[in-house]
Amino acid sequence: MAAADDQTVGVPVLVRYEVSGGAARVTLDSQHNRNAISTALVEQLHTALDRAAADDGARVVVLGHAGGTFCAGADLSEASAAGADQSSPEAQAAERTRVFLGLLRAIISHPKPVIAAVDGHVRAGGMGLVAACDLALAGPTSTFALTEVRLGLAAAMISVPLAARINSRDLARALLTGEKFDAAHASRIGLLSEAVDDVDAAVDELVAAFRPCSPQGLAENKALLAAPMLADLDARGEDLAGVTARLFTTAEVAEGMTAFLERRPPSWATPDA
């Protein structure tokens, strides 16, 4: 087993890397914010993916997590703090969206198969990470939700990989209601490859299936599968970034983010009948 937690001194390690069993194990470990997609996490995840691409000891990549949440989506505290920046809120939001687009592309276009190993909660942008992976397994305690609609936002950038995986009617319900659902449902609608009882055992079994495979064959076949999704991201990426940038300047998003951070219902939420 080779570990690679060799980040710059003084910089918190938010993404851990090791190789075992023929797989590069990339672990999100930013538990203080439920593995939210912060600038630092994205940078470290890019570094880990690049390392895995060049690592001869790894035939596949396993994207997992520490703690009870795989990924909570965008780091809203970082987004709300960005108002102190010299640039406009719209420009800041557009740039953060482009950074996330780069991360989605890095996963989708990675030369090695990427397996999402989920044993916890997945929300908002985290759903995009799962959808960008080639294969995804999740355990019985896992839950999923596209919560953007409850914040006044749209699942703009992640709609591309989600639409490539999830049945259209099921995606419409998930996007428009923000409802939470379990791993069994996520598997039925196509977000997951499989809902499993033991994530670690299932991942090890899946990793073993790649051992007889040619690295060249894997890379070429993966490129064939990824091409339509990458083309869609390239064609629509700037427009989708613009959607997010526009929405981040609205009063509804300000209220939605404030309500989320204050752990209260937003002003538009209607009471139960």
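We now turn to the structure provided with this report. (Residues numbered from 1 in each chain as written. Predicted model: local features only at pLDDT ≥ 70, side-chain atom pairs only at ≥ 80, totals over all residues. Heavy atoms only, no water.)

What to know about the nonpolar core
- Core analysis: the largest hydrophobic core is formed by 61 residues, its most contacted members being Leu63, Val130, Phe144, Leu162 and Leu191.
- Once residues within four sequence positions are removed from consideration, Val130 is found in contact with Phe70, Ala116, Val118, Val122, Ala136, Leu191 and Leu192.
- Among the nonpolar cores identified, the runner-up in size contains 13 residues, and Val60, Val62, Ile115 and Val199 belong to it. (Core = buried A, V, L, I, M, F, W, Y, C linked by side-chain atoms within 4.5 Å. Buried < 20%, exposed > 50% of the residue type's maximum accessible area, 1.4 Å probe, protein only. Contact = heavy atoms within 4.5 Å.)

Some details on the packing of helix H3 (residues 89–108) against helix H4 (residues 125–132)
- Two elements in contact, H3 and H4, have axes whose closest approach is 9 Å; the angle formed by their N-to-C orientations is 25°. By the angle class used here, H3 and H4 are roughly parallel. Crossing handedness for the pair H3 and H4: right-handed. Facing Phe100, Leu103, Leu104, Ile107 and Ile108 of H3, the residues of H4 in contact are Gly125, Gly128, Leu129 and Ala132.
- Here the residues of the contact of H3 with H4 sort into seven nonpolar, two polar and no charged. (Axes fitted to C-alpha atoms, helices over the stretch in contact; angles between N-to-C directions. Helix = DSSP H or I, 4+ residues; strand = E, 2+ residues; numbered from the N terminus. Parallel < 35°, antiparallel > 145°, perpendicular 65-115°, else oblique. Left-handed = near helix turned anticlockwise from the far one by under 90°. Nonpolar A, V, L, I, M, F, W, Y, C, P; charged D, E, K, R; others polar.)

Quick notes on the environment of Thr27
- Its place among the elements puts Thr27 in strand S3 (residues 23–28).
- Note on Thr27: relative accessible area 14%, which makes it buried.
- Linking Thr27 and Gln44, residues 17 residues apart in sequence, is a C-alpha distance of 11 Å.
- With near-sequence residues (within four places) excluded, Thr27 lies in contact with Leu14, Val15, Arg16, Gly64, His65 and Ala66.

Thoughts on the sheet that holds strand S7 (residues 121–123)
- Read from one edge of the open sheet, four strands run S5-S7-S9-S10, paired in mixed fashion. Only two strands of the sheet have a single partner each, and these edge strands are strand S5 (69–71) and strand S10 (181–182).
- For strand S9 (residues 143–145) and S10, the ladder comprises two bridges, and the chain directions are antiparallel. Within the sheet, the bridge partner assigned to Thr143 lies in S10 and is Asp182. (Pairing = 2+ DSSP bridges.)

Considering the pattern of salt bridges
- Inspection of the entire model under this criterion finds nine salt bridges.
- Between Asp232 and Arg236 there is a salt bridge; the shortest N-O distance is 3.9 Å. Within this pair, Asp232 and its partner Arg236 are both found in helix H9 (residues 215–247), separated by four residues, close to a single helical turn.
- Across the pair Glu262 and Arg264 runs a salt bridge whose closest N-O atoms are separated by 2.7 Å.
- Residue Glu262 is classed as partly exposed on the basis of its relative accessible area, which comes to 49%.
- For Arg264, a relative accessible area of 31% puts it in the partly exposed group.
- Here the salt bridges do not stand alone but share partners, grouping Glu255, Glu262 and Arg264 into one network. (Salt bridge = Lys/Arg side-chain N within 4 Å of Asp/Glu carboxyl O.)

Some words on the packing of aromatic side chains
- Tallied over the entire structure, the rule returns one aromatic pair.
- Plain terms: the ring middles of Phe144 and Phe181 are 5.9 Å apart, the flat faces sit at 20° to each other, and that makes the pair stacked. With Phe144 in strand S9 and Phe181 in strand S10, the pair connects residues that are 37 residues apart, well separated along the chain.
- Looking at Phe181, the relative accessible area reads 10%, which means it is buried.
- A cation sits over an aromatic face here: Arg96 above Phe248, 5.2 Å from the ring centre. (Phe/Tyr/Trp six-rings, centres within 6.5 Å; stacked < 30°, edge-to-face > 60°. Lys NZ or Arg CZ within 6 Å of the ring centre and 35° of its normal.)

Some thoughts on H3
- Between its first and last C-alpha, H3 extends 29 Å over 20 residues, near the 28 Å set by a 1.5 Å rise per residue.
- Regarding H3, the residues found buried are Gln92, Ala93, Ala94, Thr97, Phe100, Leu101, Leu103, Leu104, Ala106, Ile107 and Ile108.
- Those residues of H3 that are buried lie in contact with helix H1 (39–54), strand S4 (60–65), strand S6 (114–118), H4, helix H5 (159–165) and H9. (Expected span 1.5 Å × (residues − 1).)

Observations concerning the state of the cysteines
- Scanning all chains against the criterion turns up zero disulfides.
- Between Cys71, a free cysteine, and Cys133, which holds the nearest cysteine sulfur, the sulfur-to-sulfur gap is 11 Å.
- We classify Cys71 as buried; its relative accessible area is 0%.
- No disulfide involves Cys213; its sulfur sits 18 Å from that of Cys133, the nearest cysteine. (Disulfide = S-S within 2.5 Å.)

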